[in-house]
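Observations on chain architecture
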Amino acid sequence: MIQAVIGLKGSGKTKRMIDMANDALKVEHGNIVFIDDDKRYMYDLRHEIRFVDITEYIAKEDRSVETFLAFVGGMLATDYDVTLICVDAFRRLVNTDWADMEELFNRLSTLSEAHNCTFLLSLSADPADLPEFITKYAI
């Protein structure tokens, strides 16, 4: 399953995702991962949640759909117990336009089903500006 927290910059998306990740500890029986591109919110998450600063693994100039999918695929391949992956600042991590993300969302959906893992994404945009293949995941 894919879920998307959508809103303009400053609308509280990250805070909502952090709260959702922390609350998920009560119901998730697997591991939770929170991916971001800086360490700013690391201490807002409960210690049981694995915080990953993607800049330690993928340089800004190397960010793309392919590198992001490889990164997430590697996580799922090495830890079969991951049941929730939260991704803050999603667009900055995949470095592509919204209209060009349909294949990415299809591949995330396939990974989600194959590994029984939910993806919770933070999308900084006006929902009216996003294609339907993205807005259908809005929560």
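Everything discussed here concerns the structure shown above.
Notes on the structure follow. (Residues numbered from 1 in each chain as written. Predicted model: local features only at pLDDT ≥ 70, side-chain atom pairs only at ≥ 80, totals over all residues. Heavy atoms only, no water.)

1. Side note on the nonpolar core
The following threshold applies: Only buried residues count toward a nonpolar core, which is a set of Ala, Val, Leu, Ile, Met, Phe, Trp, Tyr and Cys residues joined through side-chain atoms within 4.5 Å. Buried residues are those whose accessible area, probed at 1.4 Å on protein chains only, stays under 20% of the maximum for their type, while exposed residues exceed 50% and partly exposed ones sit between those limits. Helix numbers and strand numbers start at the N terminus; a helix is a DSSP run of H or I with at least 4 residues, a strand a run of E with at least 2. Contacts between residues were defined by any pair of non-hydrogen atoms, one from each residue, lying within 4.5 Å.
Counting residues in hydrophobic clusters, the biggest one holds 36 residues, and the most contacted among them are I35, F68, I85, F90 and F105. Elements with a minimum of two residues in this core: β1 (2-7), β2 (31-36), α2 (65-78), β4 (82-87), α3 (90-94), α4 (102-115), β5 (118-124) and α5 (132-135). A per-element tally of this core places α2 first, with seven residues. Those residues in contact with F90 that sit more than four places away from it in its chain are F68, M101, L104, F105, L108, L121, S122 and L123.

2. Some points on the pairing of β4
Going by this rule: Whether two strands pair comes down to DSSP finding at least two bridges between them.
Counting buried residues in β4 gives six out of six residues, a clear majority hidden from the surface. Here β2 pairs with β4 via five bridges, running parallel. Note that in β4 the partner of I35 across the bridge is V87. Direction of pairing for β4 relative to β5: parallel, over a ladder of four bridges. Residue pairing for β5: I85 is matched across the bridge by F119.

3. Focus: the sheet that holds strand β3 (residues 50-53)
Applicable threshold: For every element, the axis is a line fit to its C-alpha atoms; helices are fit only across the contacting stretch, and the angle between N-to-C directions ranges from 0 to 180 degrees.
Taken in spatial order, the five strands line up as β1-β5-β4-β2-β3 in an open sheet, and their pairing is parallel. Every other strand in the sheet has two partners, leaving β1 and β3 as the edge strands with one partner each. Within this sheet the neighbouring strands show an average axis-to-axis angle of 15°, counted without direction. Pairing analysis gives six bridges linking β1 to β5, with the strands arranged parallel. Paired with G7 across the strands is S124, a residue of β5.

4. Observations regarding α2
Going by this rule: To estimate how far a helix should extend, the number of its residues minus one is multiplied by 1.5 Å. The arc in question is the one traced by the directions running from the helix axis out to the C-beta atoms.
For α2, with 14 residues, the first-to-last C-alpha span of 20 Å sits near the 20 Å given by 1.5 Å per residue. By the burial criterion, the buried members of α2 are V65, F68, L69, F71, V72, M75 and L76. The buried residues of α2 occupy an angular sector of 160° when projected down its axis, which confines them to one face. Opposite the packed face of α2, turned more than 90 degrees from it, sit the exposed residues E66, A70 and T78. For α2, the elements touching its buried residues are β2, β3, β4, α3, α4 and β5.

5. Structural notes on the pattern of salt bridges
What counts, and what does not: By convention in these notes, a salt bridge is any Lys or Arg side-chain nitrogen within 4 Å of a carboxyl oxygen on Asp or Glu.
Inspection of the entire model under this criterion finds nine salt bridges. In this structure, D23 engages K26 in a salt bridge whose closest nitrogen and oxygen atoms are separated by 3.8 Å. The exposure class of K26 is exposed, given its relative accessible area of 69%. A salt bridge links K39 to E56; its shortest N-O distance comes to 2.4 Å. Separated by 17 residues along the polypeptide, K39 in the loop between β2 and β3 and E56 in the loop between β3 and α2 bring together distant segments of the chain. By sharing partners, the salt bridges in this structure join D37, R63 and R92 into a single network.

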